[in-house]
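# Observations on the three-dimensional arrangement
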Amino acid sequence: MEIEGLPVAPLARALIDAARRMDELKSVRAMIHDAVHRGLCTPEELRAELAQASTIGSALPRIVVNALQDGVDSAVEQWLESVIERSGLPRPTRRAELRTSDGAVVGVADAWWSEVGVALQVRYDEVALEPDKSSESPALVAPGLIVVQVGPAQLRDEPLVVIQELRAAHRRARQRPPPDLGSVPAAPAA
């Protein structure tokens, strides 16, 4: 492959080559997930490169690429999953479309604790490639609903702050009856 007359490796190959030289799973995951999330390469291209590459140093990229195959599609999802696991809170429903009792859609929660009426919503606007065409979801608003909104950078850089916010929201929520909201699985994120 050439760009302006210079030979270059396809991105999937460059990612696998770089990942094979790295020694932290977190860094490998962030690098690969970012490229896939931005649509710069596909999990299939990464798997093909892994199949052709030497097995030396391939353990970490194989873990990450296999996780992609299992449905983990972005670094943000990994950061969110880590925060949820570390929070000590009950397991939430992930990607839940919240609805009022009459069926009106309130919006999509990235994590939903129905027993207390707490939702976590990731605000993706800060990582939009084209700010004017942001895929930002409308804010969740419903009577009695407690919403914790976080940005991807907060999940990555300040997970303990997010955990404290979630725990505080749960404490507040337990002091009142949960809102009259139901949920269904949300369609996959585009």
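All of these numbers come straight from a predicted model, not from anything done at the bench.

### Details of the sheet that holds strand 6 (residues 146–150)
Sheets are built from strands paired through backbone hydrogen bonds, the pairs being either parallel or antiparallel. Across the sheet, which stays open at both edges, the five strands sit in the order 6-5-4-3-7 with mixed pairing between neighbours. The two strands at the open ends of the sheet, each matched to only one other strand, are strand 6 and strand 7 (181–185). On average, each strand axis in the sheet is tilted by 45 degrees relative to the strand beside it, whichever way the strands run. Strands in contact with helix 5 (residues 75–87) are strand 3 (93–100), strand 4 (105–113) and strand 5 (118–122); relative to strand 3, the strand with the most contacts, it is inclined by about 85 degrees.

### Quick look at a positive patch on the surface
The grouping of Arg167, Arg171, Arg172 and Arg174 at the surface amounts to a positive patch. Along the chain, Arg171 falls in helix 7 (residues 159–173). The partly exposed category is assigned to Arg171, whose relative accessible area is 46%.

### Quick word on the pairing of strand 6
Burial along strand 6 is one-sided: the face carrying Ile146, Val148 and Val150 is buried and the face carrying Val147 and Gln149 is not. Note that strand 5 and strand 6 share five bridges and pair parallel. The residue bridging Val118 from the neighbouring strand is Ile146, located in strand 6.

### What about unusual backbone geometry?
Its identity as a non-glycine residue notwithstanding, Glu4 has a phi of 50 degrees, on the positive side. You can see Glu4 is positioned in the loop between strand 1 (2–3) and strand 2 (6–7). Positive phi is not limited to glycine here, since Arg95 has a value of about 50 degrees.

Rules and cut-offs
Residues numbered from 1 in each chain as written. Predicted model: local features only at pLDDT ≥ 70, side-chain atom pairs only at ≥ 80, totals over all residues. Heavy atoms only, no water. Pairing = 2+ DSSP bridges. Helix = DSSP H or I, 4+ residues; strand = E, 2+ residues; numbered from the N terminus. Axes fitted to C-alpha atoms, helices over the stretch in contact; angles between N-to-C directions. Contact = heavy atoms within 4.5 Å. Patch = residues over 30% accessible without salt bridge, like charges linked within 9 Å, V, L, I, M, F, W, Y side chains within 5 Å. Areas by Shrake-Rupley, 256 points an atom, 1.4 Å probe, with all protein chains shown as cover. Salt bridge = Lys/Arg side-chain N within 4 Å of Asp/Glu carboxyl O. Lys, Arg positive; Asp, Glu negative; His and termini not counted. Charge placed at Lys NZ, Arg CZ, Asp CG, Glu CD. Buried < 20%, exposed > 50% of the residue type's maximum accessible area, 1.4 Å probe, protein only.

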